[in-house]
There are 2 protein chains.
Amino acid sequence: MYKVKVYVTLRESVLDPQGAAVKGSLHSLGYGTVEEVRIGKYMELFLDEKTENVEKVVKEMCEKLLANPVIEDYRFEIEEGVVQ
Amino acid sequence: MYKVKVYVTLRESVLDPQGAAVKGSLHSLGYGTVEEVRIGKYMELFLDEKTENVEKVVKEMCEKLLANPVIEDYRFEIEEGVVQ
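Residues numbered from 1 in each chain as written. Chains lettered and ligands numbered in written order. Predicted model: local features only at pLDDT ≥ 70, side-chain atom pairs only at ≥ 80, totals over all residues. Heavy atoms only, no water.

- Under the annotation held in an unreviewed UniProt entry, chain A carries the name Phosphoribosylformylglycinamidine synthase subunit PurS and is attributed to Oikeobacillus pervagus.
- Regarding chain A, the UniProt comment filed under Sequence similarities (unreviewed entry) reads as follows: "Belongs to the PurS family."
- On record in UniProt, under Subunit (unreviewed entry), the comment for chain A is "Part of the FGAM synthase complex composed of 1 PurL, 1 PurQ and 2 PurS subunits." (UniProt positions renumbered as here; feature names shortened; annotations may be inferred.)

Structure below.
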């Protein structure tokens with residue numbers, strides 16, 4: 001089995017209102033040294049070991065569904081031989 | 001400046017309907033070898049370099065706000081001396 005860890009983040013230039021809200025809450029809780037918060041997604045995919053061209057396939061899945069390439073960046077790591 | 005990467009994931013035993021929906025969509029797109037998808041959050045926090053006890057402080061922030069310890073696990077990595 002392949003385990004793929006996918007990280008999706010908003011591009012630098014895109015405003016992150018959710019991150020701003022979390023930063024505000026952290027300040028309210030007394031953590032005033034928090035200067036910025038950016039929120040993204042972390043996904044774990046488990047692929048059957050029969051999957052071919054895993055890297056190409058995961059890139060396609062990111063481009064088509066998992067990330068919005070207009071406003072988001074993504075990166076991923078593939079681990080082979082994972083027992084779930 | 002400290003850069004902290006926080007990963008929040010649903011506990012193993014907790015159902016992940018969002019992950020199930022993404023898995024269904026991936027199957028519809030022809031990626032039938034996807035066996036499971038789990039969706040979590042990835043957060044980047046930037047803390048002022050004057051912050052003391054960074055590890056303790058980040059742990060507190062996770063427990064109080066960033067994660068729900070009842071249904072989620074979290075882990076984090078701290079990088080020092082980051083220039084934003």
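1. Describing the relation of the copies chain A and chain B
Stage number 1. Once chain A has been moved 0.0 Å along the axis and rotated by 180°, it coincides with chain B to within an RMSD of 0.0 Å. The superposition operator between the copies reduces to a two-fold rotation axis. Nearest to the rotation axis, the C-alpha of lysine 41 of chain A is located 2.2 Å from it, this being the minimum over chain A. (Least-squares fit on C-alpha atoms with pLDDT ≥ 70 in both.)

2. What to know about the interface of chain A and chain B
Note on interface size: it is often stated as the accessible area lost on association of the parts.
Stage number 1. Tallying the contact residues gives 33 residues for chain A and 33 residues for chain B.
Stage number 2. Regarding the contact of chain A and chain B, the summed buried area is about 3000 Å², with carbon and sulfur atoms giving 62% of it.
Stage number 3. Its largest share of buried area at the contact with chain B, chain A owes to Tyr31, Thr33 and Tyr42 of chain A, together 20% of the area lost on that side.
Stage number 4. In this assembly, chain A and chain B are joined by zero salt bridges.
Stage number 5. Counting every contact that joins chain A to chain B gives 16 residue pairs in polar contact (both at pLDDT 80 or more).
Stage number 6. Taken together, the elements giving at least two residues each to the side of chain A that touches chain B come down to strand E1 (2-10), helix H1 (17-28), strand E2 (34-47) and helix H2 (54-66) of chain A.
Stage number 7. In terms of residue class, the side of chain A that touches chain B is built from 18 nonpolar, six polar and nine charged.
Stage number 8. For E2 of chain A and strand E2 (residues 34-47) of chain B, the ladder comprises 13 bridges, and the chain directions are antiparallel. By the bridge assignment, glutamate 44 of chain A is partnered in E2 of chain B with arginine 38 of chain B. (Contact = heavy atoms within 4.5 Å. Buried area = accessible area lost by both parts, 1.4 Å probe. Salt bridge = Lys/Arg side-chain N within 4 Å of Asp/Glu carboxyl O. Polar contact = N/O pair within 3.5 Å; in protein donor to acceptor, adjacent residues only side chain to side chain. Helix = DSSP H or I, 4+ residues; strand = E, 2+ residues; numbered from the N terminus. Nonpolar A, V, L, I, M, F, W, Y, C, P; charged D, E, K, R; others polar. Pairing = 2+ DSSP bridges.)

3. Thoughts on the pattern of salt bridges
When their charged atoms lie close together, side chains carrying opposite charge are able to pair.
Residue and element names in this part refer to chain A.
Stage number 1. Across all of its chains, the model carries 14 salt bridges over all chains by this definition.
Stage number 2. Across the pair lysine 5 and glutamate 79 runs a salt bridge, and its minimum N-O distance is 3.3 Å. With a gap of 74 residues between them, lysine 5 in strand E1 and glutamate 79 in strand E3 (residues 72-79) connect regions that are remote in the sequence.
Stage number 3. By relative accessible area, which is 16% here, lysine 5 ends up buried.
Stage number 4. Judged by its relative accessible area of 31%, glutamate 79 falls in the partly exposed class.
Stage number 5. One salt bridge connects arginine 38 with glutamate 36, and the closest N-O pair in it is separated by 4.0 Å. (Buried < 20%, exposed > 50% of the residue type's maximum accessible area, 1.4 Å probe, protein only.)

4. A look at the layout of surface pockets
Stage number 1. Reported here for the largest pocket is a volume of approximately 320 Å³.
Stage number 2. Around the largest pocket, the lining comprises 17 residues; the ones closest to its centre are Glu44 of chain A together with Thr9, Leu10, Glu12 and Arg38 of chain B.
Stage number 3. At the level of elements, E2 of chain A together with strand E1 (2-10), E2 and strand E3 (72-79) of chain B are the ones that each hand at least two residues to the lining of the largest pocket.
Stage number 4. Element by element, the count of residues in the lining of the largest pocket is highest for E2 of chain B, at four residues. (1 Å grid on protein atoms, 1.4 Å probe; cavity = no way out; pocket = protein on both sides within 12 Å on 5 of 7 lines; lining within 4 Å. Points joined across faces, edges and corners; volume = space filled by probe spheres on them.)

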